Amino acid sequence: MFGVYRNQPRSRHQGKCYGGNRFSHFRKGRCPNRKNAKFIMEYLKSELTNTAVHAIENLFGFRPEKLDWQLTRKEFSGDLTLVVFPFTRYSKLSPEETGQAIGEVMEQNNAWVDGYNVVKGFLNLEISPKFWVKSLADMAKSNQLVRPVSNPTGVMVEYSSPNTNKPLHLGHIRNCLLGWSVGNLQKAIGNNVYRVQIINDRGIHICKSMVAWKLFAGGETPENTGLKGDHLVGKYYVVFDQKYREEIRELIDKGVDETEAKDTAPIMVAAREMLRKWEEGDAEVMKLWETMNGWVYQGFDATYDAMGVSFDKNYYESNTYKLGKSLVEKGLQKGVFYREADSSVWIDLSDVGLDKKILLRSDGTSVYMTQDVGTAVQRFEDFDIQRLIYTVGNEQDYHFQVLFEILKKLGYSWAEGLYHLSYGMVDLPTGKMKSREGTVVDADDLIREMKETAAAVSAELGKTEGLATAEKEDINRIIGLGALKYFILKVDPRKRMTFNPEDSIDMQGNTGPFLQYTHARIKSLLRKAETSPGISENISPEKEEIEVVKTLLRFSDVVHQAAEDNSPALVANFIYDLVKTYNGFYQNHSILRNENPEITAWRLSLSEQTARVINFGLDLLGIESPERM
RNA sequence: GGUCCCGUAGCUCAGCUGGAUAGAGCAACUGACUUCUAAUCAGUAGGUCACAGGUUCGAAUCCUGUCGGGAUCACCA
């Protein structure tokens, strides 16, 4: 049976880095209630909807099911726009006349509507400045920025899930940042979140590292070399591969054919023997295995810590790989599975457009799928959860399609709550990352380089002069990581993305540091202010200020949408929008140097709420907001 | 070959249940720091939304097909 290990077994996370898709049957099915799909302040919308529905009913004798509201585009005057095309068949009027008729009634009947104009089939309503002033005041008073869901559920998020034979790389970074942020999003809307990973700690890959270490390391340890544990083990995985290829070449030179050479190279034979002993529970092998995995976990912990991600529970494949066998028995009895003549067990999913899939080998052992069936059941027993989100690259789309289908057929009601957060590869300009060609971007290296870049930019701009070294370093860490995380998270998860290690990640424009900078600048403003932020009824806000309020009011809906779509990118793009809008205001209006203290107080309040939303939003992405930079 | 994902400015990306003249950043060019942090702001230039049909008052968005890129279809994980 060992002959089947032709290559390193793949894990949840492979050497390649990964683009998601949204094919999931469940994606569309599970959220029929999409009334919040438009990021428009609910309150105003519902107020206006009532008025508009009445107006349409009285005018045209027909009651619309729902209205199409959108924020008025900048090039037109007005704040909110109602699309009236759908009503023309009832009004028997032109789109312009229809809009005029509705607009007139709305202006008369709704206190928030100050005026209106109609362009083609678009009714643009002008909302009273009082509304925006009131909204900001409400926001400043409220202690929550995101409306909680009415019935919270338990949500488990799985991410990272590495192999234990080499360090984490850029692909894991995307995976971890996505998983972490998706967990944050669920939490933000009020769900209970459990974060887990499944660690592929057994199998031929770790045996390769073990064999190579035993043969060539001369007793090297993380302690006596100063190497991070995961890098040390990864080093010997590379050594194994080099040695293995040497041996194959030698055998081929002696006239052995290639297939046989690959099969009989002594170091590979030794690795297989080690795996066999591991499966028997051989004491010496187990001890080495535990030691080397221990090194790896220490290394992983350091990287997770640097990334700012953590887990509530780790699952280990050495514990779970036999799970699921008893469930197969159950499935056989129910007739969900069937047994072939050679006694292997299968499921036929051709009724749902999928193939046949094996669940037990003819020798009775589990496969990846069996294990995942077992682990899923285990997790729903371990935790009070209704949903389980797997953050795994899109190369495993098919696997999860089959997995979810199997669990449904086994009759688990929670199977409807399974979701594969399928994300795209991270490519290099030259194509895929390949460990053999040494083009893998190491996570630790990348994080370190980002901090160095931040330090260099900081020094060049002279921004942190006069601060203590420790504080400078902390700021550089926050900015460097912010740049990296935002760079990755602003992209739609399911799309593949290109990363060029030659260009360092930018710190200007649509970047993490730009958002952080805006936050730091507001904080500085608030420190310097002699007036406290506050709201006066008499304020008549400027155009730029209203734009900021409008943007702030979208936040809750954006977070809900992002949680529903499992897309941190929506939050990232929103914060960028907010910051652009705020900076437009900041650059054009003086805040502290203002003769009217009421205006200063209002602008400080606007700024304070903006900083609050930036801070909260960045936190959802796992990005810290510096007080100064 | 079957199935699935992707294709928007030179580059990296937005564009939400179909809505107005498809938007940002980078790179290029022009302007704004004795004034709250210029890691900023304002502006110029840059597009047959891969292509062809269809549905619709209206399509980058939905449907069909074609082309291009990728993934997957193991008694591997």
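Residues numbered from 1 in each chain as written. Chains lettered and ligands numbered in written order. Predicted model: local features only at pLDDT ≥ 70, side-chain atom pairs only at ≥ 80, totals over all residues. Heavy atoms only, no water.

**Looking at the environment of Thr518**
Okay, so step 1: Topologically, Thr518 is positioned in helix 19 (residues 512–528).
Okay, so step 2: Classification of Thr518 by relative accessible area gives buried; the value is 1%. (Helix = DSSP H or I, 4+ residues; strand = E, 2+ residues; numbered from the N terminus. Buried < 20%, exposed > 50% of the residue type's maximum accessible area, 1.4 Å probe, protein only.)

**With respect to the pairing of strand 5 (residues 154–158)**
Okay, so step 1: When you tally the buried positions in strand 5, you get five out of five residues, the bulk of the element.
Okay, so step 2: Burial along strand 5 is two-sided: Gly154, Met156 and Glu158 facing one way and Val155 and Val157 facing the other are all buried.
Okay, so step 3: In terms of handedness, the path from strand 5 via helix 6 (residues 170–188) over to strand 6 (residues 192–199) forms a crossover that is right-handed.
Okay, so step 4: Relative to strand 11 (residues 387–393), strand 5 runs parallel, the two being bridged by four bridges. Among the inter-strand pairings, Val155 is bridged to a residue of strand 11, identified as Arg387. (Right-handed = clockwise from strand over helix to strand, strands pointing away. Pairing = 2+ DSSP bridges.)

**Notes on the sheet that holds strand 6**
Okay, so step 1: What the five strands build is an open sheet, ordered 7-6-5-11-12; its pairing is parallel. Taken across any chain shown, the strands that pair with only one partner, and hence form the sheet edges, are strand 7 (313–316) and strand 12 (418–423). Strand-to-strand twist in this sheet, taken as the mean axis angle between neighbours without regard to direction, amounts to 25°.
Okay, so step 2: Taken together, the six bridges between strand 11 and strand 12 define a ladder with parallel strand orientation. Within strand 12, the position partnered with Thr391 by the bridge is Leu421.
Okay, so step 3: The strands touched by helix 15 (residues 368–382) within the sheet are strand 5, strand 6, strand 7, strand 11 and strand 12, with strand 11 carrying the most contacts at an inclination of about 140°. (Axes fitted to C-alpha atoms, helices over the stretch in contact; angles between N-to-C directions. Contact = heavy atoms within 4.5 Å.)

**A short note on the confidence of the model for chain A**
Okay, so step 1: Scored by pLDDT, chain A comes out at a mean of 89, with 93% of its residues at no less than 70.
Okay, so step 2: Confidence, expressed as mean pLDDT per element, reaches its minimum in chain A at helix 1 (residues 25–29) with 26 and its maximum at strand 5 with 98.
Okay, so step 3: Across residues 1–9 the pLDDT falls below 50, and counting only partners more than four positions away or on other chains, this stretch makes 20 contacts in the model.
Okay, so step 4: Counting interchain partners and residues more than four positions distant, the pLDDT-below-50 stretch residues 14–40 has 80 contacts.
Okay, so step 5: This prediction of the complex comes with two scores: 0.92 for pTM and 0.96 for ipTM. (pLDDT = per-residue confidence, 0-100.)

**Considerations on the pattern of salt bridges**
Okay, so step 1: Applying the stated criterion across every chain yields a total of 30 salt bridges.
Okay, so step 2: Across the pair Lys550 and Asp79 runs a salt bridge, and its minimum N-O distance is 2.9 Å. One end of the pair, Lys550, is in helix 20 (residues 543–553); the other, Asp79, is in the loop between strand 1 (69–71) and strand 2 (80–83), with 471 residues separating them in the sequence. In this structure, Lys550 and Asp79 share a single accessibility class: buried.
Okay, so step 3: Asp138 serves as the salt-bridge partner of Lys134, at 2.9 Å between the closest nitrogen and oxygen. One end of the pair, Lys134, and the other, Asp138, are both in helix 5 (residues 129–141), four residues apart, so they sit about a helical turn from each other.
Okay, so step 4: For Lys134, a relative accessible area of 33% puts it in the partly exposed group. (Salt bridge = Lys/Arg side-chain N within 4 Å of Asp/Glu carboxyl O.)

**A short note on unusual backbone geometry**
Okay, so step 1: Residue Lys92 is not a glycine yet carries a positive backbone phi of 55°.
Okay, so step 2: The class of Lys92 is exposed, set by a relative accessible area of 70%.
Okay, so step 3: A positive phi is found at Ser343, a non-glycine position, where the angle reads about 75°.
Okay, so step 4: Tracing the backbone shows Ser343 in the loop between strand 8 (338–339) and strand 9 (345–348).

**Looking at the packing of aromatic side chains**
Okay, so step 1: Taken as a whole and assessed by the stated rule, the structure comprises 25 aromatic pairs.
Okay, so step 2: Between Tyr304 and Phe311 the ring centres are 5.0 Å apart and the planes differ by 70°, which places this aromatic pair in the edge-to-face class.
Okay, so step 3: Taken together, Tyr159, Phe300, Tyr304 and Phe311 form an aromatic cluster joined through their ring pairs.
Okay, so step 4: Looking at Arg195, its charged tip hangs above the ring of Trp180, at a distance of 3.9 Å from the centre.
Okay, so step 5: For Arg379, the ring lying beneath its charged end belongs to Tyr315, and the centroid distance is 4.8 Å. (Phe/Tyr/Trp six-rings, centres within 6.5 Å; stacked < 30°, edge-to-face > 60°. Lys NZ or Arg CZ within 6 Å of the ring centre and 35° of its normal.)

**Observations concerning the sheet that holds strand 10 (residues 356–360)**
Okay, so step 1: Strand order in the open sheet made by the three strands is 8-9-10, with antiparallel pairing throughout. The strands lining the two open edges of the sheet, one partner per strand, are strand 8 and strand 10.
Okay, so step 2: Pairing analysis gives four bridges linking strand 9 to strand 10, with the strands arranged antiparallel. Pairing of Asp348 across the sheet is with Lys356, part of strand 10.

**Topic: the side chain of Thr370**
Okay, so step 1: The residue Thr370 is located in helix 15 in this model.
Okay, so step 2: For Thr370, a relative accessible area of 1% gives the class buried.
Okay, so step 3: Polar contacts involving the side chain of Thr370 include one to the main-chain carbonyl oxygen of Leu359, which spans 2.3 Å. (Polar contact = N/O pair within 3.5 Å; in protein donor to acceptor, adjacent residues only side chain to side chain.)

**Brief notes about the packing of helix 6 against helix 21 (residues 555–565)**
Describing two packed helices takes the angle between their axes plus the distance from one axis to the other.
Okay, so step 1: Remark: helix 6 packs on helix 21, axes separated minimally by 9 Å, with the N-to-C direction vectors making an angle of 125°. With respect to each other, helix 6 and helix 21 are oriented oblique. In this structure, helix 6 crosses over helix 21, and the sense of that crossing is left-handed. Contacts between helix 6 and helix 21 involve Leu185, Gln186 and Ala188 from the former and Val559, Ala562 and Ala563 from the latter.
Okay, so step 2: Of the residues assigned to the contact of helix 6 with helix 21, the class counts are five nonpolar, one polar and no charged. (Parallel < 35°, antiparallel > 145°, perpendicular 65-115°, else oblique. Left-handed = near helix turned anticlockwise from the far one by under 90°. Nonpolar A, V, L, I, M, F, W, Y, C, P; charged D, E, K, R; others polar.)

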